[in-house]
Amino acid sequence: LLVTKHSMREVEGWVQVARPGRGWLKTTELKSHPLSFEQRKRKIDIVSSLLRRAQVFDIMYLQQASDAGGWDIDFLKVASLKIEKFLGTKLPGRYDQIVIRGAVKQCIQQFGVGSLRALLQSCQSNDLIALRERLALPEPKAPPPKPRKKLKKEKHK
């Protein structure tokens, strides 16, 4: 069973268990078992590998790790939301969120999940043109007009 002091939640003599199943045990049933050097090294190697995969946007690997580890993280959705947020901040008001979301979904369906890597790399490098081309987005709408200040007319005597 995996219960770490950093993720452990204790409530009235019960402690939350993370692996191999989720649930609660009485604290009296737990025994402290320190990790060996090899076990710590293996855990650090796993985290390092995951961070490298995140750096190069290997979404499928991260999704498989999430599924295997029971993290309940939908990396496909996280990546899609990151792309939507990027376009929303770089081109505010020029695309409807529904249009962007539909374009991302269509791109994934047409080119596969691997296409997310190219989209995320375009976001990282601020390459709006490549991102628009990959998503087959139409020309953006003109920016909304800025409200003009009304000038007060002065009366002359």
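Residues numbered from 1 in each chain as written. Predicted model: local features only at pLDDT ≥ 70, side-chain atom pairs only at ≥ 80, totals over all residues. Heavy atoms only, no water.

Draft legend 1. Structural view of the pattern of salt bridges. Scanning the model with the defined rule gives 4 salt bridges in all. As a salt-bridge pair, aspartate 45 and lysine 41 come within 3.2 Å of each other at their nearest N and O atoms. With aspartate 45 and lysine 41 both in helix α1 (residues 37–55) and 4 residues apart, this pair spans about one turn of that helix. Of the residues examined, aspartate 45 reaches a relative accessible area of 39% and is grouped as partly exposed. Its relative accessible area of 44% is what places lysine 41 among the partly exposed residues. In this structure, the salt-bridge partner of aspartate 58 is arginine 117, at a minimum N-O distance of 3.7 Å. Within this pair, whereas aspartate 58 is found in the loop between α1 and α2 (59–69), its partner arginine 117 is found in helix α5 (residues 115–124), the two being separated by 59 residues in sequence. Take aspartate 58: its relative accessible area is 15%, and that puts it in the buried class. Residue classification places arginine 117 among the partly exposed residues on the basis of a relative accessible area of 32%. Each member of the salt-bridge network shares a partner with another, and the members are Arg53, Asp58 and Arg117. (Salt bridge = Lys/Arg side-chain N within 4 Å of Asp/Glu carboxyl O. Helix = DSSP H or I, 4+ residues; strand = E, 2+ residues; numbered from the N terminus. Buried < 20%, exposed > 50% of the residue type's maximum accessible area, 1.4 Å probe, protein only.)

Draft legend 2. Inspection of unusual backbone geometry at higher detail. Positioned with a positive phi, phenylalanine 57 is a non-glycine residue whose angle comes to about 60°. Structurally, phenylalanine 57 is set in the loop between α1 and α2. Unusually for a residue other than glycine, asparagine 126 sits at a positive phi of about 55°. Within the secondary structure layout, asparagine 126 lies in the loop between α5 and α6 (128–135).

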